[in-house]
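What the coordinates show
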Amino acid sequence: MTPTPTTPTMPATTITLDTARCLSTAVHEHGIDPDVLAPGGPATRTAQALTQRLEASRGTGWERWRLLAEGAMRDEHVRGVKAIADRYAGQLDNVVVLGIGGSALGNIALQSALNPLTHNLDPKRTHPRLFVLDNADPVPFHQTLSLITSEDPAFDRTLFVVISKSGETAETAAQFLIVRDILQRARGNGHADRMIAVTDPTTGTMRRLCDAAGYATLPVPEGVGGRFSALSPVGLVSCALCGLDIDGLLDGAATMERACRDEDLHANPAAKLATVLVELGQRQGKTVHVMMPYANQLYLLADWWRQLWAESLGKVVRGVQGVTYAGYTPVKALGATDQHSQVQLYREGPNDKAIIFLEVEKFATDVVIPAGLGEDALAYLEGSSLATLLSAEKKATEFALTESRRPNLTIKFPEVTPHTVGQFMMLWQVATAYAGLMLGVDAYDQPAVELGKKATFALMGKPGYDDLRARLGG
Ligand code: PA5
């Protein structure tokens, strides 16, 4: 097998959005009437009005995440993150993130998109391995710590990064207490340089404990909620420690953020994306949104997106006409793998889905299929390449879905780079803000998550939850 590096190109290319196969001209009665999206049509007027509203709230309240990629907030974060990366440069074999939900998914997505999928296994890697321990599952937690302690018993070359905006999340707090205890036993009072924290700058239990222990900290800025925080120190610090280009990532996000201020629906990728998906959802009953990257390295970006889309939009709406339930069910699939698992359902099952393909125009590496092997039945593959095959499979699935009148759109990455991944994250964050306004929901709260959190506190014996504990039969 001979991997063929492709010729490098200009880095700052942009991702593109193709929604043509969401229109009735492509998928008939399951698509959007093109007049809705035409210049002067209803969707263009709505997008203009919503863009003006978002411009007015941009950078305020819970929309401070729109300032993460440019200006003073970016400068402050990049300075802090690079200072940490410089301080530990060359000294680490392992970075272990403790965090969950919005405090973990960005780290996982960025690492898998931008470092080789074999990064942790590569003995020649130049930067530390990354482990993200998000769940309170004792098995992976124990396995990871056992692996690390078998190689690095005194944690001389391991840094733990605890991430929690609230500083109160049970899963993260439990992991933190265990790790702090292990570090204190291994290193005594000198353990403080093995743990850093990303948490609220002033409040919360985590902030108090970290200040008391002397751990270095970075801020989760005010007005930046968990699922909108990947481009803050929450996501940046593991990137920088593991050798990723955070400037490129933020440059890409800034480019997209600017484009998403345009009042013209067709020049504003986030307004267009939200308009198309909400139109399909509300008028065509496409309430299941499937993100299907044709690239393994983008697969966990779909996991990050799943939280953003689900937790932001899935809300009860109490209006004058009564109660309705907003939101779309996000599903992730992988092309071409899931052609052999899910596409039967997507083509012939309930026509309730919009498929969001992610396509890569130019892979970092391609692998040529040898020619002249004399296998007549497989001759069509000879001399071609894996990237050509994967690209053909994506086009074929797109064609087959369209033939079955299943709306689908494509977000195309010219290449997977920090710049294009930064664009992608910002695109979906802004699209979520538009979709929240279109659906009449607050995209920034998560009231339905609270009861489960409180019930966990009650079951675990936290003071102040006696009534709930009684209701739970505890
Ligand atoms: O998006 C969110 O707000 C959540 O997923 C949180 O990120 C998650 O609950 C973890 O919260 P915290 O960072 O406060 O520990």
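A closer look at the side chain of serine 385
- Within the secondary structure, serine 385 is located in the loop between β13 (365-367) and α14 (386-403).
- Here aspartate 366 takes part through its side chain, which lies 2.6 Å from a polar atom of the side chain of serine 385.
- Within the structure, the side chain of serine 385 is placed 2.8 Å from the side chain of threonine 388, a separation counted as a polar contact.
- The residues contacting serine 385, other than those within four sequence positions of it, are Asp366, Val367, Val368 and Ile369.

Some remarks on unusual backbone geometry
- Backbone torsion omega between glycine 335 and alanine 336 reads 0 degrees, so that peptide bond is classified as cis.
- One non-glycine residue, phenylalanine 155, lies in the positive phi region at around 55 degrees.
- In this structure phenylalanine 155 comes out as buried when scored by relative accessible area, which is 2%.
- The phi dihedral of arginine 405 falls on the positive side, at around 65 degrees, and the residue is not glycine.
- One can find arginine 405 in the loop between α14 and β14 (408-413).

Considering the domain arrangement of the protein
- You can read the domains of the protein as domain 1 (4-55 + 262-443), domain 2 (61-249) and domain 3 (445-474).
- Using only C-alpha atoms to locate each centre, domain 2 and domain 3 end up separated by 28 Å.

Here we look at the packing of helix α5 (residues 105-114) against helix α12 (residues 299-313)
- Look at α5 against α12: their axes get within 8 Å of each other, and the N-to-C directions meet at 155 degrees. It follows from the interaxial angle that α5 and α12 lie roughly antiparallel. Along this stretch, α5 crosses α12, giving a crossing that reads as left-handed. The residues of α12 that touch α5, namely those facing Leu105, Gly106, Ile108, Ala109, Ser112 and Ala113, are Leu300, Leu301, Asp303, Trp304 and Gln307.
- In the contact of α5 with α12, the residues fall into seven nonpolar, three polar and one charged.

Some remarks on the packing of aromatic side chains
- For the structure on display, the rule yields 11 aromatic pairs.
- Between phenylalanine 176 and tyrosine 215 the ring centres are 6.2 Å apart and the planes differ by 85 degrees, which places this aromatic pair in the edge-to-face class. You can see phenylalanine 176 sitting in helix α7 (residues 170-187) and its partner tyrosine 215 sitting in the loop between α8 (205-213) and β7 (216-219), a full 39 residues away along the chain. The pair formed by phenylalanine 176 and tyrosine 215 is uniform in burial state, with each residue classed as buried.
- Clustering of aromatic rings is evident, with ring pairs tying together Trp304, Trp305, Trp309, Phe413, Phe424 and Trp428.
- Above the face of the tyrosine 299 ring, lysine 332 is positioned so that its terminal group lies 5.0 Å from the ring centre.
- Taking NZ or CZ as reference, lysine 462 lies 4.1 Å from the ring centre of phenylalanine 457, over its face.

Thoughts on the pattern of salt bridges
- Scanning the model with the defined rule gives 27 salt bridges in all.
- Between arginine 129 and glutamate 151 there is a salt bridge, and its shortest N-O distance comes to 2.5 Å. Of this pair, arginine 129 sits in strand β4 (residues 129-133) while glutamate 151 sits in helix α6 (residues 138-151), and the two are 22 residues apart along the sequence.
- Residue class for arginine 129 comes out buried when judged on its relative accessible area of 10%.

Thoughts on the nonpolar core
- Formed by 115 residues in total, the largest nonpolar core has its most connected members in Val161, Trp304, Ile411, Phe424 and Trp428.
- Among the elements that make up this core, the one with the highest residue count is helix α15 (residues 418-439) (12 residues).
- Both domains that meet at this core, namely domain 1 (4-55 + 262-443) and domain 2 (61-249), each give it at least three residues.
- Beyond its immediate chain neighbours, meaning those up to four positions away, isoleucine 411 contacts Ile15, Thr16, Leu17, Leu273, Ile356, Phe357, Leu358, Glu359, Phe424, Leu427 and Trp428.
- In this structure, Phe141, Val179, Leu183 and Ala197 belong to the second largest nonpolar core, which totals 19 residues.

A word on the sheet that holds strand β12 (residues 353-360)
- The sheet built from five strands is open, its strands ordered β2-β14-β12-β8-β11 with mixed pairing. A strand with exactly one partner marks an edge of an open sheet, and here the two such strands are β2 (16-18) and β11 (329-332). Taken over all neighbouring pairs, the strand axes of this sheet differ in orientation by 20 degrees on average, direction set aside.
- Both β2 and β14 contribute to a ladder of three bridges, which runs antiparallel. Note that in β14 the partner of threonine 16 across the bridge is lysine 412.
- Along the sheet face, α12 touches β8 (288-293), β11 and β12 and points at about 175 degrees away from the line of β11.
- Sheet strands touched by α15: β8, β12 and β14. Its angle to β14, the strand with the most contacts, is close to 145 degrees.

Side note on the site of the ligand
- Around the ligand, a shell composed of 14 residues is seen, among which Ser103, Ser164, Ser166, Thr169 and Gln307 lie nearest.
- Take threonine 169: an N or O atom from its side chain is 2.5 Å from an oxygen atom of the ligand.
- Between the ligand and glutamate 311 there is a distance of 3.1 Å, counted from an oxygen atom to a side-chain nitrogen or oxygen.
- Considering the ligand on its own, with 380 Å² of exposed area, one finds that the protein chains cover 88% of that surface.

A closer look at the pairing of β4
- Where burial is concerned, most of β4 is hidden: five out of the five residues are buried.
- The two faces of β4 match: Arg129, Phe131 and Leu133 on one face and Leu130 and Val132 on the other face are all buried.
- Sheet topology note: the strand β3 (residues 94-98)/β4 ladder contains five bridges and is parallel. What sits directly across from valine 97, in β4, is valine 132.

Quick word on empty space enclosed by the protein
- Counting across every chain of the model gives one cavity of 30 Å³ or more.
- Computed from the structure, the largest cavity encloses a volume of approximately 30 Å³.
- Every residue along the wall of the largest cavity is listed here: Gly102, Leu105, Gly106, Gly226, Arg227, Ala230, Trp304 and Gln307.
- Partitioning the lining of the largest cavity into residue classes produces three nonpolar, four polar and one charged.

Each value, and the rule that gives it
- Residues numbered from 1 in each chain as written.
- Predicted model: local features only at pLDDT ≥ 70, side-chain atom pairs only at ≥ 80, totals over all residues.
- Heavy atoms only, no water.
- Helix = DSSP H or I, 4+ residues; strand = E, 2+ residues; numbered from the N terminus.
- Polar contact = N/O pair within 3.5 Å; in protein donor to acceptor, adjacent residues only side chain to side chain.
- Contact = heavy atoms within 4.5 Å.
- Buried < 20%, exposed > 50% of the residue type's maximum accessible area, 1.4 Å probe, protein only.
- Domains from an automatic or database assignment.
- Axes fitted to C-alpha atoms, helices over the stretch in contact; angles between N-to-C directions.
- Parallel < 35°, antiparallel > 145°, perpendicular 65-115°, else oblique.
- Left-handed = near helix turned anticlockwise from the far one by under 90°.
- Nonpolar A, V, L, I, M, F, W, Y, C, P; charged D, E, K, R; others polar.
- Phe/Tyr/Trp six-rings, centres within 6.5 Å; stacked < 30°, edge-to-face > 60°.
- Lys NZ or Arg CZ within 6 Å of the ring centre and 35° of its normal.
- Salt bridge = Lys/Arg side-chain N within 4 Å of Asp/Glu carboxyl O.
- Core = buried A, V, L, I, M, F, W, Y, C linked by side-chain atoms within 4.5 Å.
- Pairing = 2+ DSSP bridges.
- Near = heavy atom within 4 Å.
- Areas by Shrake-Rupley, 256 points an atom, 1.4 Å probe, with all protein chains shown as cover.
- 1 Å grid on protein atoms, 1.4 Å probe; cavity = no way out; pocket = protein on both sides within 12 Å on 5 of 7 lines; lining within 4 Å.
- Points joined across faces, edges and corners; volume = space filled by probe spheres on them.

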